[in-house]
Amino acid sequence: GATIGILGGGQLGRMLAVAASRLGFRSCVFEPGADCPASHVAGQHIAAPYEDEDALRRFADAVDVVTFEFENIPTSALDMLDACGKPARPGRNALRISQDRLTEKAFLTELGLRTAPFAAVDDEIDLAEALAEIGLPAILKTRRLGYDGKGQARITAPEDAESALAAMQGQPAILEGFVEFSHEVSVIGARNASGDVACFDPGENLHEDGILRRTTVPARLSNAQRSDAVLLTGQILNKLDYVGVMGVELFVTPEGLIVNEIAPRVHNSGHWTQQGCAIDQFEQHIRAVAGWPLGDGGRYADVVMENLIGDDIARVPDIAREAGAALHLYGKGDARPGRKMGHVNRVTRG
Ligand code: ATP
Ligand code: MG
Ligand code: MG
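Residues numbered from 1 in each chain as written. Chains lettered and ligands numbered in written order. Predicted model: local features only at pLDDT ≥ 70, side-chain atom pairs only at ≥ 80, totals over all residues.

### A word on the domain arrangement of the protein
Phase 1 of the analysis: Examined at the domain level, the protein breaks down into domain 1 (3–88), domain 2 (117–177) and domain 3 (183–349).
Phase 2 of the analysis: Between domain 1 and domain 3, the C-alpha centre-to-centre distance is 22 Å.
Phase 3 of the analysis: Counting from both sides, the interface comprises 20 residues of domain 1 and, opposite them, 15 residues of domain 3.
Phase 4 of the analysis: At the level of secondary structure, the elements contributing two or more residues to the side of domain 1 that touches domain 3 comprise helix 1 (11–22) and strand 4 (65–68).
Phase 5 of the analysis: Here the side of domain 1 that touches domain 3 takes nine residues from helix 1, the largest share from any one element.
Phase 6 of the analysis: Its residues placed into classes, the side of domain 1 that touches domain 3 shows 13 nonpolar, three polar and four charged. (Domains from an automatic or database assignment. Contact = placed C-beta atoms within 7 Å. Helix = DSSP H or I, 4+ residues; strand = E, 2+ residues; numbered from the N terminus. Nonpolar A, V, L, I, M, F, W, Y, C, P; charged D, E, K, R; others polar.)

### Re the environment of aspartate 61
Phase 1 of the analysis: Tracing the sequence through the fold places aspartate 61 in helix 2 (residues 53–62).
Phase 2 of the analysis: Note: C-alpha distance between aspartate 61 and glycine 85 (24 residues apart in sequence) is 9.3 Å.

### Describing the environment of glutamate 71
Phase 1 of the analysis: In this structure, glutamate 71 sits in the loop between strand 4 and helix 3 (75–83).
Phase 2 of the analysis: On the basis of neighbour count, glutamate 71 is assigned to the partly exposed category, with 19 C-beta atoms found within 10 Å.
Phase 3 of the analysis: As for glutamate 71 and tyrosine 147, which are separated by 76 residues in sequence, their C-alpha atoms are 9.9 Å apart.
Phase 4 of the analysis: Once residues lying within four places of it in the same chain are set aside, the contact partners of glutamate 71 are Leu95, Ser98, Gln99, Ala263, Pro264 and Arg265. (Buried ≥ 20, exposed ≤ 12 C-beta atoms within 10 Å, placed from the backbone.)

### Remarks on the site of ligand 1
Phase 1 of the analysis: Close to ligand 1 lie 16 residues; Ala116, Tyr147, Glu176, Val179 and His207 are nearest.
Phase 2 of the analysis: In terms of residue class, the shell around ligand 1 is built from five nonpolar, five polar and six charged.
Phase 3 of the analysis: Inspection of the shell around ligand 1 shows a minimum of three residues originating in each of domain 2 (117–177) and domain 3 (183–349). (Near = placed C-beta within 6 Å.)

### Observations regarding the UniProt feature "domain: ATP-grasp" (unreviewed entry) in the protein
Phase 1 of the analysis: Taking the numbering used here, the UniProt-annotated feature "domain: ATP-grasp" (unreviewed entry) corresponds to residues 105–290.
Phase 2 of the analysis: Secondary structure across residues 105–290 divides into 29% helix and 33% strand, with the first and last C-alpha atoms of the span separated by 30 Å. (UniProt positions renumbered as here; feature names shortened; annotations may be inferred.)

### Overview of the sheet that holds strand 1 (residues 3–7)
Phase 1 of the analysis: The parallel open sheet is built from four strands, whose spatial order is 3-2-1-4. Looking at the sheet topology across the chains shown, the edges are occupied by strand 3 (44–46) and strand 4. Averaged over all pairs of adjacent strands, the angle between strand axes in this sheet comes to 25°, irrespective of strand direction.
Phase 2 of the analysis: Alignment of strand 1 against strand 4, held across four bridges, turns out to be parallel. When the sheet's bridge partners are listed, glycine 5 is paired in strand 4 with valine 66.
Phase 3 of the analysis: Against the sheet, helix 1 makes contact with strand 1 and strand 2 (26–30), and its axis sits at roughly 160° relative to strand 2, the strand it touches most. (Pairing = 2+ DSSP bridges. Axes fitted to C-alpha atoms, helices over the stretch in contact; angles between N-to-C directions.)

### Description of the pairing of strand 8 (residues 173–177)
For a regular strand, the rule is simple: side chains alternate between the two faces of the sheet.
Phase 1 of the analysis: Counting buried positions over the five residues of strand 8 gives four, a clear majority of the element.
Phase 2 of the analysis: Of the strand pairs in this sheet, strand 5 (residues 118–121) and strand 8 are connected by four bridges, and their pairing is antiparallel. Looking at the pairing, alanine 120 lines up with isoleucine 174 of strand 8.
Phase 3 of the analysis: Here strand 6 (residues 138–142) runs beside strand 8; their pairing, made up of five bridges, is antiparallel. Considered in strand 8, the bridge of leucine 140 is made with leucine 175.

### Observations regarding the confidence of the model for the protein
When pLDDT drops low, the exact placement of atoms in the prediction is not to be read closely.
Phase 1 of the analysis: Mean pLDDT over the protein works out to 97, with 100% of the residues at or above the 70 mark.
Phase 2 of the analysis: Listed scores for the predicted complex are pTM 0.97 and ipTM 0.98. (pLDDT = per-residue confidence, 0-100.)

### Regarding the packing of helix 3 against helix 4 (residues 92–99)
Phase 1 of the analysis: Interaxial distance between helix 3 and helix 4 falls to 10 Å at its minimum, and their mutual angle equals 175°. By the angle between their axes, helix 3 is roughly antiparallel relative to helix 4. Facing Thr75, Leu78 and Asp79 of helix 3, the residues of helix 4 in contact are Arg92, Leu95 and Arg96. (Parallel < 35°, antiparallel > 145°, perpendicular 65-115°, else oblique.)

### Considerations on unusual backbone geometry
Phase 1 of the analysis: Look at the link from arginine 89 to proline 90: it is a cis peptide, with omega at -5°.
Phase 2 of the analysis: Position of proline 90 relative to the elements: it lies in the loop between helix 3 and helix 4.
Phase 3 of the analysis: The omega torsion of the bond from valine 217 to proline 218 falls at 0°, within 30 degrees of zero and hence cis.
Phase 4 of the analysis: Secondary-structure assignment places proline 218 in the loop between strand 12 (211–217) and helix 8 (223–239).
Phase 5 of the analysis: Phi at aspartate 148 is positive, roughly 50°, even though this residue is not glycine.
Phase 6 of the analysis: Tracing the chain through its elements places aspartate 148 in the loop between strand 6 and strand 7 (152–155).
Phase 7 of the analysis: The exposure class of aspartate 148 is partly exposed, given the 16 C-beta atoms found within 10 Å.

### Regarding the nonpolar core
Phase 1 of the analysis: With 68 residues, the main nonpolar core has Ile4, Ile6, Leu16, Ala77 and Ile286 as its most contacted residues.
Phase 2 of the analysis: Examining the composition of this core, we find that six residues originate from one element, helix 1, more than from any other.
Phase 3 of the analysis: When residues of this core are sorted by domain, at least three fall in each of domain 1 (3–88) and domain 3 (183–349).
Phase 4 of the analysis: The residues touching isoleucine 286, leaving out its near neighbours within four places in the chain, are Ile4, Leu16, Ala19, Ala20, Leu23 and Phe25.
Phase 5 of the analysis: In terms of nonpolar packing, the next biggest core, distinct from the first, is built from 17 residues, Ala119, Ala130, Ile139 and Ile155 among them. (Core = buried A, V, L, I, M, F, W, Y, C linked by C-beta atoms within 7 Å.)

This is the structure:
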């Protein structure tokens, strides 16, 4: 059988490897960390830095298709794999655009989609100008490498500006106006090599301390908002000539939907699909990157997905006794605060 190569070895890679296995594929994970969640289930694990060209060549030789589960893979790794005749799906361009919040917002704006007002900030002068333009409250974010709300500082009063800039630790940043949303939703969309597009039903996301806490389906959306969300996701996928699954995070406001960010990979807010759909986001992604037709992602249940973060893992024995609760644990040993250890899908209607 063919081998799916997965760059990144976290829980998303683990669940992709499981889905690949279920479709008869082997998998090979490339991840610098020796003991990673995906390595426990993948057929092969190459543990080397993303800059290690020999290791990347070995990976390219071992796999038939390349994908990634992590958006901070250096684009140089994708270039190397491309040169070895193994271009990644999704492609380099989608990865590059979403790695930098500034290029990401410029891309979305270019497409005619709405984002929070934004401005690039490299120093005090930029920040003062950006604050004058955008106003308060606002959020200063590092342009690159942020996740789970890390690398962000809220500015609610002018005197917060200095400490917010210091929190960026000299990295290029972006100031975003604070969006007064009523709630947050996301669309998990998929596109295959033939250009077919399919989206899962939007999920409603609750964040706590910048980390996704819970996703609920169905989301509170009018029919018009629901079709807007799905259509704009299709626009993004098509514009990028995208192959694979993408997560699109949206703010719901009385004036319409505002795009927060896009993630060129399977997405935490799509984990509900494991119990809510015949074909979940992981299988959908493997289908897309393997050149298969997309599966039927229609939702047949109401689901609440709850992340198990840090100490939440201690609740597993209780959750295991709960009817209708499907546990997904990532096999991580160390339950550090803020670390995603697993999730539970509670099916509330069959
Ligand atoms: P992820 O783990 O989803 O990649 P991230 O670190 O990239 O997260 P964001 O999605 O930018 O962070 O922000 C995390 C959360 O902070 C958002 O889901 C939202 O709740 C809040 N937030 C971010 N930007 C804004 C904004 N401009 N206005 C209002 N709230 C915001
Ligand atoms: Mg993000
Ligand atoms: Mg986010």
